[in-house]
Amino acid sequence: MHITAIGARRLPLADRAHRLPLLAVTVALSVAAATVRGNEPDASARVHAERSAITVCATCHGARGNSTQPKFPRLAGQNPRYLAAQLKGFRSQTRGDPDAVSYMWGMAREFDDAMIEALASYYSQQQPEPSAAPNSAQLERGREIYEHGVASHGVPACISCHGADAHGTQDFPRLAGQHAQYILKQLASFQSSMRDVAVMRGVAQNLRTAEMQSVAAYLQAQP
Amino acid sequence: MAESDREPDFPGTAMDGNWRSLAAGAVGLMILLAVSPQAGAVPSFARQTGMSCEACHTVFPELTHFGRVFKANGYTLTSLKQVRDVTGNMKELLELSQIPGLSIMAQISDTQLKKALPDLSKSAPGVAENGTVGFPQQLSLFYAGKIAPNFGAMIQLTYANDTGSIGIDNTDLRFADVAVLLDKSSLTYGVSLNNNPTMQDLWNSTPAWGYPYALSNAVVTPLALTAIDQAFAQQLAGLTAYAFWNESLYAEVGGYRSAKQGVTNQLTGGAGPLDGTASNVVKGVTPYGRVAYEHDWGRHSLEAGVYGADFRLYPGAGVSLRGPTNEFKDVAEDFQYQFLAEEHQVTLSGTRIHESATLAASFAGGAAANPTDTLTTTRLWGTYYFRRRIGATLQYFSTTGTTDDLLYPPTAPHTPGVVTSANGSPDTRGWIAELNYLPWLNVKLSAQYTWYSKFNGAGTNYDGVGRNASDNNTVYLLLWFAY
């Protein structure tokens, strides 16, 4: 399987440290403004993307995007605009959480826009399978945080961006059914700014570990 | 590690040209060829895919599920820019990575035996220096990566301090492709051309890439070894075909022929044809087969499988390549369990190789005491790593087999023993404990201790001239890196 594309821009890690403020803006903007140009991927890009998804991406992300390994996110049913923005973030090396650096910077470095859009479209059309229900004692606390935030230390409600069903919107990711472990890692990456997204840094910085665990467990249990 | 037909060091075990000792070489040579630390950690794969070592390895050379799939796909996954050529109808003529898949690997070591060996100089008695520095023990150049679409390779050239020369090491050329089946599952299929049975395998439970991943080459090694257990590494050429369905069910069949290195035909002065001056030449084709099933769930991966080969060998070494052969029928089981979390990595693995030997040639020639012998090798090990940085491995190993005092000969008068067996038994048993520290993912510092409770048939005085199994206990310090 060969992934072919043109025109990746790469920044060495050492440079990133000096450009974090700029990257924060870039990522925030790309999350907020990334588009899939409104066009459906053409047929050849669609075929190529499906083949790549089944023969390459599936090794980590599972058949049809339903990953069984908590290290790797479930992609089935993910919002295409969000997914395309992330793939572009990997390609430009502006999304810097540890597994993005270790795996996805390489995977995405030669993706062209057509491939990114076709992959995003493919995963958005896959049916999410239910995840295993985690520790039920955490679910109620998780739901409370998701719906209402934690007023005592300034954590806003997740529901306001990710939606009542946690299916997200065009620009905000679907979280329902996502591996709790993956969500925890992302929250930690937002806190440390390794994954530098201003809005999520603001949300995550006041979350306590037990609260993160509860909300992650709640999200994994959602259909 | 590259091997050649090394001459043994001690009189009494030398294949000195007479039929009797030469035929014993059917097994004996395997032993001499067998000290084969492997090496597989190839940064050019990381350059090619743009992914960190951790995508394919827990800690090198052990593969993750992703690494197994990458290998099955012929090492061709790439995200490098390509130099291309296409015809007018867009048929691809060339797809060449802009960076060649080259890597360098080195092993630098120090070895200390518990008890020094006898000094073989004429002014003996005395003892050899104890403490062997390998600088390098091994230095390798790899080409590892895509060659063309669907065609990739791992080719290793190695300089080793024992041979003092550069030779071919583990080499695997693959053509592979993936079919998407009607149910949208994947079927990876391909062929491998390789020079060491099991080096093409995907799991680290089989001999070529099994633990120990590195061993000293300045130690005393037991006499007995099964044929499939790297006895013929780099002395065979095999073509195998495989299929890997849904990244879980794996099946492979193929065959191996002799492909000797450093052996010439004395008439032509060329690399062949092989004749009776060569030793242990495969008659016809050695069939090889492998079936394995891997189940992955959450952070866990479990594999169980079987593999085997049937070697029919002409002893050669002065006897023409005709008439009776020695047959070594090897059937083995293996398993591997991996738990891979963010901070903790646990691997449990093992294999058991059962060999049925029908020694028609050696028995007729008076070089084996029995017409048939058996040999069983078992290895079980567990590895733990914390953050891929600090880890430890503990392995139990055991070889048991039929007593045969011609295959596993006693010490001859006025010779030093050490590599002999007073009672003709091949039984050897012990443990290896290893500590590892990796300051970076491509640099490993190891301290390894090998402890023998039994060696060539006994715990004490195994050679009949006073050496105990534990005298061969070894401390091995290793710096191992690849770039």
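Asks: I keep staring at the overall build of chain A and nothing clicks. Help me out?
Replies: The secondary structure content of chain A amounts to ten helices and zero strands. What you see in chain A, going N to C, is helices and strands ordered as α-α-α-α-α-α-α-α-α-α. Residues counted as buried form 52% of the 223 residues belonging to chain A.

Asks: What is the right way to look at the overall build of chain B in this model?
Replies: When its secondary structure is counted, chain B shows five helices and 19 strands. Against the 2.2 N^0.38 benchmark of 23 Å for 483 residues, chain B shows a C-alpha radius of gyration of 23 Å, consistent with a compact globule. If you line up chain B on its principal axes, its C-alpha atoms span 75 × 50 × 40 Å. Put simply, chain B has 483 residues, and 52% of those count as buried.

Asks: What am I meant to see in the nonpolar core here?
Replies: Ranked by internal contacts, the top residues of the largest apolar core, which has 64 residues, are Leu 87 and Leu 119 of chain A. In terms of residues, this core owes the most to one element, helix α2 (residues 43-61) of chain A, which gives eight residues. With residues near it in sequence (within four places) discarded, Leu 119 of chain A still touches Ala 49, Ser 52, Ala 53 and Leu 87 of chain A. Membership of the second largest hydrophobic core comes to 37 residues, among which are Ala 227, Leu 236, Ala 309 and Ala 332 of chain B.

Asks: What exactly am I supposed to notice about the pairing of strand β3 (residues 102-113) of chain B here?
Replies: A regular strand places its side chains on the two faces of the sheet in alternate fashion. Residue and element names in this part refer to chain B. Here β3 shows a clear split, with Ser 103, Met 105, Gln 107, Ser 109, Thr 111 and Leu 113 buried on one side and none of Leu 102, Ile 104, Ala 106, Ile 108, Asp 110 and Gln 112 buried on the other. The pairing of β3 with strand β4 (residues 132-148) spans nine bridges and is antiparallel. Among the inter-strand pairings, Gln 107 is bridged to a residue of β4, identified as Gln 138.

Asks: Is there a simple way to explain the confidence of the model for chain B in this structure?
Replies: In regions of low pLDDT, the predicted coordinates are not meant to be interpreted in detail. Looking at chain B as a whole, its pLDDT mean stands at 91, while 91% of the residues score no less than 70. Confidence drops under pLDDT 50 across residues 1-37 of chain B; counting only partners more than four residues distant or on other chains, this segment forms 108 contacts.

Asks: Honestly, the environment of Glu 303 of chain B in this entry has me stumped. Any pointers?
Replies: Residue and element names in this part refer to chain B. Tracing the chain through its elements places Glu 303 in strand β12 (residues 300-316). A count of 23 C-beta atoms within 10 Å places Glu 303 in the buried class. Considering only alpha carbons, one finds Glu 303 and Leu 181, 122 residues apart in sequence, at a separation of 23 Å. In this structure, Glu 303 is in contact with Trp 203, Ala 292, Tyr 293, Glu 294, Phe 335 and Gln 336, ignoring residues within four places of it in sequence.

Asks: I keep staring at unusual backbone geometry and nothing clicks. Help me out?
Replies: Negative phi characterises most residues that are not glycine, and trans characterises most peptide bonds. All names here are of chain B. Cis geometry marks the peptide bond from Phe 60 to Pro 61, where omega comes out at 0 degrees. A cis amide bond, omega 5 degrees, links Tyr 211 with the succeeding residue Pro 212. With respect to the helices and strands, the residue Pro 212 is situated in the loop between β7 (186-194) and β8 (236-245). Positive phi is not limited to glycine here, since His 414 has a value of about 65 degrees. Within the secondary structure, His 414 is located in the loop between β16 (390-401) and β17 (428-440).

Asks: Would you mind showing me how to read the environment of Thr 393 of chain B here?
Replies: Residue and element names in this part refer to chain B. Structurally, Thr 393 can be placed in strand β16. Taking the C-alpha atoms as reference points, Thr 393 and Thr 49, 344 residues apart in sequence, are found 29 Å from one another. Beyond its immediate chain neighbours, meaning those up to four positions away, Thr 393 contacts Tyr 211, Trp 381, Gly 382, Thr 383 and Glu 434.

Asks: Where do I start with helix α10 (residues 209-221) of chain A in this structure?
Replies: Side chains of residues three or four places apart in an α-helix project in the same direction, reflecting 3.6 residues per turn. All names here are of chain A. For α10, built from 13 residues, the straight-helix expectation of 18 Å at 1.5 Å per residue is met to within 8% by its first-to-last C-alpha distance of 19 Å. Most of α10 is tucked away, with eleven of its 13 residues classed as buried. Every buried residue belonging to α10 is among Glu 211, Met 212, Gln 213, Ser 214, Val 215, Ala 216, Ala 217, Tyr 218, Leu 219, Gln 220 and Ala 221, and all of these are buried.

Asks: What is the right way to look at the pairing of strand β6 (residues 165-180) of chain B in this model?
Replies: Residues and elements named next belong to chain B. When strand β5 (residues 151-160) meets β6, the two strands line up antiparallel, connected through nine bridges. Its bridge partner being in β6, Ala 153 is matched across the sheet by Leu 173. Following β5, the chain reverses through four residues before pairing antiparallel with β6; Gly 164 in that reversal takes a positive phi of roughly 65 degrees. Relative to β7, β6 is paired through nine bridges, and the arrangement is antiparallel. Within β7, the position partnered with Asp 172 by the bridge is Asn 194.

Asks: Would you mind showing me how to read the domain arrangement of chain A here?
Replies: How big an interface is tends to be stated in terms of accessible area lost as the parts join. Residue and element names in this part refer to chain A. Assigned domains within chain A: domain 1 (13-124) and domain 2 (136-221). Contacts between the two partners involve 19 residues from domain 1, matched on the other side by 21 residues from domain 2. Contributions of two or more residues to the side of domain 1 that touches domain 2 are made by α1 (13-33) and α3 (80-91). With seven residues, α1 is the single largest residue contributor to the side of domain 1 that touches domain 2. When the residues that make up the side of domain 1 that touches domain 2 are grouped by side-chain class, the tally is eleven nonpolar, four polar and four charged.

Asks: Sorry, what's going on with helix α4 (residues 65-72) of chain B here?
Replies: Where burial is concerned, most of α4 of chain B is hidden: eight out of the eight residues are buried. Looking at α4 of chain B, one finds that the buried residues are His 65, Phe 66, Gly 67, Arg 68, Val 69, Phe 70, Lys 71 and Ala 72 of chain B.

Asks: What's the story with the interface of chain A and chain B in this structure? I'm lost.
Replies: Opposite the 22 residues of chain A that make contact, chain B presents 28 residues. Breaking the side of chain A that touches chain B down by element, the ones donating at least two residues are α2 and α4 (98-108) of chain A. Residue classes in the side of chain A that touches chain B are distributed as eleven nonpolar, eight polar and three charged.

Asks: Which parts of the structure should I look at to understand the packing of α2 of chain A against helix α5 (residues 113-124) of chain A?
Replies: How two helices pack is summed up by the angle between their axes together with the distance between the axes. All names here are of chain A. Contact pair α2 / α5: the axes reach a minimum separation of 8 Å and the direction vectors enclose 65 degrees. Here α2 lies roughly perpendicular to α5, going by the angle between them. Classified by chirality, the crossing of α5 by α2 is right-handed. Note on element contacts: α5 touches α2 through Ala 114, Met 115, Ala 118, Leu 119 and Tyr 122, opposite Ala 45, Arg 46, His 48, Ala 49, Glu 50, Ser 52 and Ala 53. Considering only residue class, the contact of α2 with α5 consists of eight nonpolar, two polar and two charged.

Asks: What's the story with the packing of α3 of chain A against α4 of chain A in this structure? I'm lost.
Replies: All names here are of chain A. The interhelical angle for the contact between α3 and α4, taken along N-to-C directions, is 95 degrees, at an axis separation of 7 Å. Relative to α4, α3 is oriented roughly perpendicular. Across the interface between the two elements, Leu 87, Phe 90 and Arg 91 from α3 touch Ala 100, Met 104, Trp 105, Met 107 and Ala 108 from α4. Partitioned by chemical class, the residues of the contact of α3 with α4 number seven nonpolar, no polar and one charged.

Asks: Quick question: what am I supposed to make of the environment of Cys 56 of chain B here?
Replies: Residues and elements named next belong to chain B. With respect to the element layout, Cys 56 can be found in helix α3 (residues 53-56). C-alpha of Cys 56 to C-alpha of Arg 68: the two residues are twelve residues apart in sequence and 7.4 Å apart in space. Sequence-distant contacts of Cys 56, defined by excluding residues within four places in its chain, comprise Phe 45, Leu 63, Thr 64, Phe 66, Gly 67 and Phe 70.

Asks: I would appreciate a short explanation of the confidence of the model for chain A in the present structure.
Replies: Here chain A averages 85 in pLDDT, while 83% of its residues score no lower than 70. A low-confidence stretch, residues 1-38 of chain A stays under pLDDT 50, and its non-local contacts, those more than four residues away or across chains, total 65 contacts.

Rules and cut-offs
Residues numbered from 1 in each chain as written. Chains lettered and ligands numbered in written order. Predicted model: local features only at pLDDT ≥ 70, side-chain atom pairs only at ≥ 80, totals over all residues. Helix = DSSP H or I, 4+ residues; strand = E, 2+ residues; numbered from the N terminus. Buried ≥ 20, exposed ≤ 12 C-beta atoms within 10 Å, placed from the backbone. Rg over C-alpha atoms; globule rule 2.2 N^0.38 Å. Core = buried A, V, L, I, M, F, W, Y, C linked by C-beta atoms within 7 Å. Contact = placed C-beta atoms within 7 Å. Pairing = 2+ DSSP bridges. pLDDT = per-residue confidence, 0-100. Expected span 1.5 Å × (residues − 1). Domains from an automatic or database assignment. Nonpolar A, V, L, I, M, F, W, Y, C, P; charged D, E, K, R; others polar. Axes fitted to C-alpha atoms, helices over the stretch in contact; angles between N-to-C directions. Parallel < 35°, antiparallel > 145°, perpendicular 65-115°, else oblique. Left-handed = near helix turned anticlockwise from the far one by under 90°.

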